[in-house]
Structures are given as C-alpha cells and as structure tokens.
Amino acid sequence: MNLPGVDAMIKKEMIALLLAGGQGSRLGVLTKNVAKPAVLYGGKYRIIDFSLSNCINSGIDTVGVLTQYQPLKLNSHIGIGKPWDMDRIDGGVTILSPYLKAESGEWFKGTANAVYQNIHYIDKYSPEYVIILSGDHIYKMDYSKMLDFHKDNNSDATISVINVPFEEASRYGIMNCHENGNIYEFQEKPKNPKSTLASMGVYIFNWAVLREYLIKDSDSPESENDFGKNIIPEMLKDGKSMWAYQFSGYWRDVGTIQAFWESNMDLVSRVPQFNLYDSEWKIYTPNPVKSAHYIGPSACIKKSMVAEGCVVNGTVINSILFPGAIVEEGAVIEDSLIMSNSKVGRNAVIKKSIISEWVTVGANSKLGEGEDIKNEYKPNIYNSGMTVVGENAEIPEGAIIGKNVMIDIGACAEDFTSLIVESGKSVFKGGVAE
C-alpha cells in the first residue's frame, strides 16, 4: 500500500496500536495514581505485559502504546521495550502521548481519536494492516492467526469475539453475524442482546480503509470519536466487509475490583484457569527482583503464589504475594492479594482484600471482617465484599476493618478517627474525600 505523500522509512506488513490511556476508574484506589494497564497482576506482572507479549509472540515487532492518564509508571515499566525484545531501531515499542499542536494541546477524545492523532506514526511504516488492542485485558492470543483469517475473507475489518454468558452480554459490544462469521450488525452494550458474541477490543483493519474513516470521523462534530460507537457502525453502514474472529481461550476484562480479584484467584485455583508459565507462549516483564523468597519454619502456605523476594513466617491461603512482600509470624492471609513490598505485621488477619504496594499492615489488625455492606462513598466500585488499601498506606496496630472498605493512598494512623472501621466506610488521606 502506498499512500499519497507518505515516505515510509521501513515497510511493515502489520503494526499494533495499544490503547493504554484510560483512567480505569472502576478499579477505584488501585488506579488513582496509575493507568489501569500498569496495575500489578499475577505475582510479578503488570496488566499491559499480556498484550505486549502477545505482540512479540505473534511476530509483531512494531507497537505504538497510546498513553494519557497517569502515564509515568506505565512509561517507566515499558522503557525501551527490552523485556519484550522491542528495543529496536526499525520499529520496536514507542510511547505515543497526546502532543501539543502549534495552536493548542489536545487530549485524546476517544479511542478512534487517539489513533487519528497518530496517523503520522502509522504512515511512517506504511503498513497493509493495523491491529488495535486494549492494554487492560488478560489473555494469550496469536494475532498472526487472526491476520490469516482476515486475509482469507478479504476483510476490511476483523473483530475478535468471545462467547459470554447471556446475562453478561449487555456489558459488551455485541456482534451479530451470519453463520460464516460475516458481521451484519453491531450493538454497543445492548439491553436486549441478540447474540452472546462479545467484542474483545481486538481489531484488525486494512490501514488504507481505516485511515479514511478516521479522517472522516475526526471531521464530524457529532462523533464521540470511538471505535465501537462510531467507526465500526459507519463501516457496517457503508457495507464494508467485516468479519468476526472467534476466540475460545481464557480472556478477562479486569476493569472492576471483582473481575480483577477473580482473575488473580483463577491463577491459584486447584486447576489454574490461566497458565502464566507456558514455555511456548511466554509472558515477558521487567524483573528487577533477583533474590529468592524465604519461607520460615513457622510458615504455612496453601494454594497460593509467592513471588521472588518475599519473606513468609505466617499463614497464606488461596492468595498471591507479589515481590518483596513480608508476612510476619502469626499473620493469616486468606483470599487476598498482597502487592510488592508490603508488610503484614504479627498476628494480623487479612481476608478477601487487595493490599497495594508499599503498605504497612499493623500487628494484631484485622481486615475484611463484618457484614457485606456496599461502600458509602463509591457503592458502584466497592460492592463485592472486597476491602482495598491504596499504596503507601499504614494500617494502625489493632485496627479492625470491615468489608467494602477503601483505605486511601498514603493514609496513615492520624487519618483513622477510630481503630474500628465499619463495613462500607472509607479512610481518606487528610480525612477528606477529594
């Protein structure tokens, strides 16, 4: 494909655009200071590692990562792309942030606008095809097979889909297809879905076709500049060749506290639902921790995952400890995630909680006790019985904390008005909600 006025440096058959700029507000305090794709997952990974690893395992060596919300930790994590073998001169990984134009700055207005703002980056490689990916899903997928399907059907756009339970279908973009997979209708989060084929947020487009639609979409003042709401419906309306590529493996959208916790728990179930250690399909990530973990003589670990650099002298059941976590003697952790460099004091008890990085849980404290009452501050986020503690927080010794409690980033002993925090309550840094 040769576009008018485009002087390609290096021609690539297909490049990837990875959408990683969303706030991820449904993850609450976990994404208050960090983009959702940079949230820790599965013992030593970050969520974005899965899409990046899929790319290099699929033979895609040119990836543009579109960032916007709280990008610092994400940018630092990706660096020059070395863990994914993407530290290359002719392609590799490139961080693409909203940039200042001569007259003004312009944030990405939507998923389609984010790609539109980076047309120049894509044109540089003059690709035949572009694959658009979300940076916040957990799955392993060979995109080269999807590309073969795209070519075989002479498709203008191919959308990867997965069957979901009917009762969950209204949460997704739903593809209605003929028996051969040809898409005839797209419903964005329908109240009454006609099928259960949910979009996975993985799209392959012929670049020449997508380029034309992105420009047209940008020129439309009524558009929300979104792939699901605008680009895909417009292409269907114009009779473009659009096909659904059915995926049958493990895939989770970890965009809510409950889904995030469940997906992590899938890793430690009696029959793990997702294999992190598949030698044929490696998941790559930077791994700065070199020391082995230490399991003390008084420790008891059942059905759990313990990462490098951890020190365990207590009891850990059906839980995941991230690098550098410390569990002191007599502490009991159950159905919980303890993220990097957090410390659980002597005789503390933690049940069904998510503890962020660099948290100190005081001795003799208890988390996850009491009734399952929705959080008063954000009932739509903290409503599944999970207590969530933000990074750098300090839980006082002897504190008793209920279910669906949110402890703010950096909250310390002075921010607790009482050692008893009832279910559904919150503790804010400085005592005041932002």
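This is a predicted model, so every value here is computed, not measured. (Residues numbered from 1 in each chain as written. Predicted model: local features only at pLDDT ≥ 70, side-chain atom pairs only at ≥ 80, totals over all residues. Heavy atoms only, no water.)

A.B. asks: Would you mind going over the confidence of the model for the protein with me for this structure?
C.D. replies: Mean pLDDT over the protein: 91, with 94% of residues reaching 70 or higher. Taken as a whole, residues 4-8 scores under 50 in pLDDT and shows 5 contacts with residues more than four places along the chain or in a different chain. Per-residue pLDDT stays below 50 along residues 100-105; that stretch engages in 3 contacts with residues further than four places along the chain or on separate chains. (pLDDT = per-residue confidence, 0-100. Contact = heavy atoms within 4.5 Å.)

A.B. asks: Explanation requested: the packing of aromatic side chains in the structure shown.
C.D. replies: Centre-to-centre distance and the angle between the planes together describe a pair of aromatic rings. Inspection of the entire model under this criterion finds 14 aromatic pairs. Ring plane angle 35 degrees and centroid distance 5.6 Å describe the contact between Tyr-203 and Phe-227, whose orientation is recorded as tilted. Pair noted here: Tyr-203 is in strand S11 (residues 197-206) and Phe-227 is in helix H7 (residues 227-237), with a separation of 24 residues, a long-range link. Here Tyr-203 and Phe-227 have matching classes, each one buried. (Phe/Tyr/Trp six-rings, centres within 6.5 Å; stacked < 30°, edge-to-face > 60°. Helix = DSSP H or I, 4+ residues; strand = E, 2+ residues; numbered from the N terminus. Buried < 20%, exposed > 50% of the residue type's maximum accessible area, 1.4 Å probe, protein only.)

A.B. asks: In this structure, what is going on with helix H6 (residues 207-218)? I would like to understand it.
C.D. replies: Every α-helix carries 3.6 residues per turn, so stepping three or four residues along brings you back to the same face. Here H6 is 12 residues long and its end C-alpha atoms lie 16 Å apart, about the 16 Å a rise of 1.5 Å per residue gives. Of the surrounding secondary structure, the elements contacted by the buried residues of H6 are helix H3 (111-116), helix H4 (119-123), strand S6 (129-134), S11 and H7. (Expected span 1.5 Å × (residues − 1).)

A.B. asks: Explain the side chain of Asp-123 here, please?
C.D. replies: Here Asp-123 is to be found in helix H4. Among the residues examined, Asp-123 registers a relative accessible area of 7% and is labelled buried. Only 3.0 Å separates the side chain of Asp-123 from the side chain of Trp-207, close enough to count as a polar contact. (Polar contact = N/O pair within 3.5 Å; in protein donor to acceptor, adjacent residues only side chain to side chain.)

A.B. asks: Can you walk me through unusual backbone geometry in this structure?
C.D. replies: Excluding glycine, a negative phi dihedral is what most residues carry, and trans is how most peptide bonds are arranged. Of note in this structure, Ser-126 is not a glycine but carries a positive phi near 45 degrees. Its place among the elements puts Ser-126 in the loop between H4 and S6. Here Asp-335, not a glycine, exhibits a phi torsion of approximately 55 degrees, which is positive. With respect to the helices and strands, Asp-335 occurs in the loop between strand S21 (332-334) and strand S22 (337-338).

A.B. asks: I would appreciate a short explanation of the pattern of salt bridges in the present structure.
C.D. replies: Oppositely charged side chains are able to pair whenever their charged atoms sit close together. Counted by the stated rule, this structure contains 22 salt bridges. The salt bridge involving Asp-238 is made with Lys-216; its shortest N-O contact spans 3.5 Å. With Asp-238 in the loop between H7 and strand S12 (242-246) and Lys-216 in helix H6, the pair connects residues that are 22 residues apart, well separated along the chain. Residue Asp-238 is classed as partly exposed on the basis of its relative accessible area, which comes to 38%. Residue class for Lys-216 comes out partly exposed when judged on its relative accessible area of 40%. Taking the shortest distance from any N to any O, the salt bridge between Glu-234 and Lys-237 comes out at 3.2 Å. Linking Glu-234 with Lys-237, this pair stays in helix H7, spanning 3 residues, or about one helical turn. What emerges from the salt-bridge pattern is a single network uniting Lys-12, Asp-61, Asp-85 and Arg-88. (Salt bridge = Lys/Arg side-chain N within 4 Å of Asp/Glu carboxyl O.)

A.B. asks: Can you walk me through the nonpolar core in this structure?
C.D. replies: The nonpolar side chains of a soluble globular protein tend to be buried, and buried together. Membership of the largest hydrophobic core comes to 74 residues, with the highest contact counts inside it found for Phe-260 and Ile-354. When residues in this core are grouped by element, the largest group, 5 residues, is from helix H1 (residues 48-57). Non-local contacts of Ile-354, meaning those with residues more than four positions away in its chain, are made with Leu-30, Ile-257, Phe-260, Trp-261, Leu-337, Met-339, Met-386, Thr-387, Val-388 and Val-389. Ala-112, Val-130, Tyr-213 and Phe-227 belong to the second largest nonpolar core, which has 35 residues in total. (Core = buried A, V, L, I, M, F, W, Y, C linked by side-chain atoms within 4.5 Å.)

A.B. asks: I would appreciate a short explanation of the packing of H6 against H7 in the present structure.
C.D. replies: For any two helices packed against each other, the geometry comes down to the angle between their axes and how far apart the axes lie. Interaxial distance between H6 and H7 falls to 11 Å at its minimum, and their mutual angle equals 120 degrees. With respect to their mutual orientation, H6 and H7 come out oblique. Crossing handedness for the pair H6 and H7: right-handed. In contact with Val-209, Leu-210, Tyr-213, Leu-214 and Asp-217 of H6, H7 contributes Phe-227, Asn-230, Ile-231, Glu-234 and Met-235. For the contact of H6 with H7, the class distribution of residues is 7 nonpolar, 1 polar and 2 charged. (Axes fitted to C-alpha atoms, helices over the stretch in contact; angles between N-to-C directions. Parallel < 35°, antiparallel > 145°, perpendicular 65-115°, else oblique. Left-handed = near helix turned anticlockwise from the far one by under 90°. Nonpolar A, V, L, I, M, F, W, Y, C, P; charged D, E, K, R; others polar.)

A.B. asks: What am I meant to see in H1 here?
C.D. replies: For H1, the tally of buried residues reaches 9 of 10 residues, placing the bulk of the element in the interior. Every buried residue belonging to H1 is among Ile-48, Asp-49, Phe-50, Ser-51, Leu-52, Ser-53, Asn-54, Cys-55 and Ile-56, and all of these are buried. Directly beyond the C-terminal end of H1, a positive phi value near 85 degrees is found at Gly-59.

A.B. asks: How do you make sense of the sheet that holds S21 when you look at a structure like this?
C.D. replies: Pairing is parallel in the open sheet, where 7 strands are placed in the order S15-S18-S21-S24-S27-S30-S32. The sheet is open, and its two borders are formed by strand S15 (300-302) and strand S32 (420-421), each paired with just one other strand. (Pairing = 2+ DSSP bridges.)

A.B. asks: Explanation requested: the pairing of S6 in the structure shown.
C.D. replies: Each regular strand carries side chains that alternate between the two faces of the sheet. Counting buried positions along S6 gives 6 out of 6 residues, so the element sits mostly inside the fold. Where strand S1 (residues 14-19) lies against S6, 6 bridges are found, and the strand directions are parallel. By the bridge assignment, Leu-17 is partnered in S6 with Ile-132. As paired strands, S6 and S11 are joined by 4 bridges and run antiparallel to one another. Pairing of Ile-132 across the sheet is with Tyr-203, part of S11.

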